Amino acid sequence: MNIFEELKERGLVFQTTDEEALVKALTEGQVSYYTGYDPTADSLHLGHLVAILTSRRLQMVGHKPYALVGGATGLIGDPSFKDAERSLQTKETVDGWVVKIQNQLSRFLDFENGDNKAVMVNNYDWFGNISFIDFLRDVGKYFTVNAMMSKESVKKRIETGISYTEFAYQIMQGYDFYELNDKYNVTLQIGGSDQWGNMTAGTELLRRKADKTGHVMTVPLITDATGKKFGKSEGNAVWLDADKTSPYEMYQFWLNVMDDDAVRFLKIFTFLSLDEIAEIEKEFNAARHERLAQKVLAREVVTLVHGEEAYKEALKITEQLFAGNIKSLSAKELKQGLNNVPNYAVSDNDNRNIVEMLVAAKISPSKRQAREDVQNGAIYINGERIQDLNYTLSDDDKIDNELTVIRRGKKKILRIDLLILKSLTDA
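These numbers come from a predicted model, not from an experiment. (Residues numbered from 1 in each chain as written. Predicted model: local features only at pLDDT ≥ 70, side-chain atom pairs only at ≥ 80, totals over all residues. Heavy atoms only, no water.)

Draft legend 1. Here's a closer look at the nonpolar core. L46, L49, I52, L240, M250, W254 and F269 are the most contacted members of the largest nonpolar core, which has 71 residues in total. When residues in this core are grouped by element, the largest group, eight residues, is from helix α15 (residues 292-306). One finds F127, V154, I171 and Y175 within the second-largest nonpolar core, a separate group that totals 27 residues. (Core = buried A, V, L, I, M, F, W, Y, C linked by side-chain atoms within 4.5 Å. Buried < 20%, exposed > 50% of the residue type's maximum accessible area, 1.4 Å probe, protein only. Helix = DSSP H or I, 4+ residues; strand = E, 2+ residues; numbered from the N terminus.)

Next comes the structure, spelled out in structure tokens:
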């Protein structure tokens, strides 16, 4: 099967401007294509990964990718399906985010080898020096207000109000396509389905200003089996930056996807062949409780995003926490695994006994309950049951001299961090 057929089989094609012409171009020779990423934060998230991996799939079969990070459009803000206008960031902030996103993209595309090696571009390079008058005369005249207002991204905001700044965003994105075509012969733009209006603005500009044909292909916005927007965990984005979402947290996200989504996500987010996925699906359906598809999914994506060592560490943390083997993990590993667990800081000379500590840290609601918890064997320190009412935390309880893990019963866990109080002379 050709690359376009494979993308469709994997559920990665939502819309195209002219499918027959696009398939012809992709099968007859090398196509230069681009995907744009606006720096609206200091990291990309899982929602971006669909387009990134689609871009990589095309590069793997010989086509040439251009990764555009929007240093200019990031200063404006895309109105697409937003309820309100974004807060405008300073140029210094956006420039910093551009660099971070460029570094992330460099992990997924090959920027070094072959005649189809990827090229990084920043649209501030052409917008930074263009005058407002020149832009209106040379670009704006090819756009009609009627056509601009008909875009879904704009129509949804007309009732609540849209600034001229965001209204003009589609012209800027359209001009990106024109510039990349003019400089690098880019003929295909790939993006999320919510970008359709902005992307077709580019093909229209190419047609009207240069009498050329450009192609657009959108990938679907991924939702889970319940229809909920994909890529959120407890209301927060799952980031590609390990400092914002740790490899362990990402591993847990994939491990907990619903059965009805697991095989579909294997097709979208991994580079396993469709034949390999079909075999996994058979084994998975025969014993869904073993969660094979989720385990493979978590392994493949965490390795892809963070590397094999990060995956192995995430797996180790998962297995040892499940088994209650707290002491087999380092403080660094425990901080990953217990990142969302409440924590309580104590000084290095705190000598409260276990009952007082349980109440102070709000693990037990009262001293009476705390005494009962200890005597009934419900309290564990670093995985070991403690039943001595006078037990006091010591240096031996500090993992890597940093933290202690206290658990009440099967589920309630608290991370106690060692807080070394500085003297006035150290301050």
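Draft legend 2. Molecular detail of the packing of aromatic side chains. In the structure shown here, the tally under the stated rule is eleven aromatic pairs. Considering the side-chain rings of F127 and F135, the 5.8 Å spacing of their centres and the 65 degrees angle between planes classify their relative orientation as edge-to-face. There is no split in this pair, since F127 and F135 are both buried. These aromatic residues form a ring-pair network of at least three members: F127, F135, Y175 and Y178. Directly above the ring of F271 sits R56, whose terminal nitrogen or CZ lies 4.7 Å from the centroid. Seen from the ring of Y124, K91 lies directly overhead, with NZ or CZ sitting 4.3 Å from the centre. (Phe/Tyr/Trp six-rings, centres within 6.5 Å; stacked < 30°, edge-to-face > 60°. Lys NZ or Arg CZ within 6 Å of the ring centre and 35° of its normal.)

Draft legend 3. Inspection of the sheet that holds strand β2 (residues 32-37) at higher detail. Across the sheet, six strands lie side by side as β1-β6-β5-β2-β3-β4; this open sheet has mixed pairing. The sheet is open, and its two edges are formed by β1 (15-16) and β4 (119-122), each paired on a single side. Two elements, strand β5 (residues 188-192) and strand β6 (residues 215-219), share five bridges in a ladder whose sense is parallel. Of the residues in β6, the one forming a bridge with L188 is H215. Its contacts with the sheet put helix α2 (residues 19-28) on β1, β5 and β6, and the angle it makes with β6 is roughly 100 degrees. Lying on the sheet, helix α4 (residues 91-105) is in contact with β2, β3 (64-69) and β4; it crosses β3 at an angle near 155 degrees. (Pairing = 2+ DSSP bridges. Contact = heavy atoms within 4.5 Å. Axes fitted to C-alpha atoms, helices over the stretch in contact; angles between N-to-C directions.)

Draft legend 4. Main features of unusual backbone geometry. A positive phi angle is found at N382, which is not glycine, with a value near 50 degrees. Residue placement: N382 occurs in the loop between β10 (379-381) and β11 (384-385). Even without glycine at this site, N401 takes up a positive phi of about 55 degrees. Within the element layout of this structure, N401 appears in the loop between β11 and β12 (403-408). The partly exposed category is assigned to N401, whose relative accessible area is 45%.

Draft legend 5. Quick look at the side chain of S193. Secondary-structure assignment places S193 in the loop between β5 and α11 (196-210). Every residue in contact with S193, bar those within four places of it in the chain, is listed here: F14, Q15, T218, V219, P220 and L221.

Draft legend 6. Quick look at helix α12 (residues 247-255). Counting buried positions over the nine residues of α12 gives eight, a clear majority of the element. Looking at α12, one finds that the buried residues are P247, Y248, E249, M250, Y251, F253, W254 and L255.

Draft legend 7. Quick look at helix α19 (residues 367-375). All buried positions along α19 are accounted for by Q369, A370, D373 and V374. The buried residues of α19 all sit within an arc of 135 degrees when viewed along its axis, so they share a single face. Residues of α19 that are buried sit in contact with α18 (354-360), β10 and β12. G377 sits one or two residues past α19 and shows a positive phi near 75 degrees. (Arc of directions from axis to C-beta.)

Draft legend 8. Expanded view of the environment of L75. On the secondary structure map, L75 appears in the loop between β3 and α4. Residue class for L75 comes out partly exposed when judged on its relative accessible area of 21%. Put simply, L75 and A51 are 24 residues apart on the chain and 22 Å apart in space, counted from C-alpha to C-alpha. Once you skip the residues sitting within four places of it in the chain, L75 turns out to touch L88, Q89, T90, K91, V94 and Y124.

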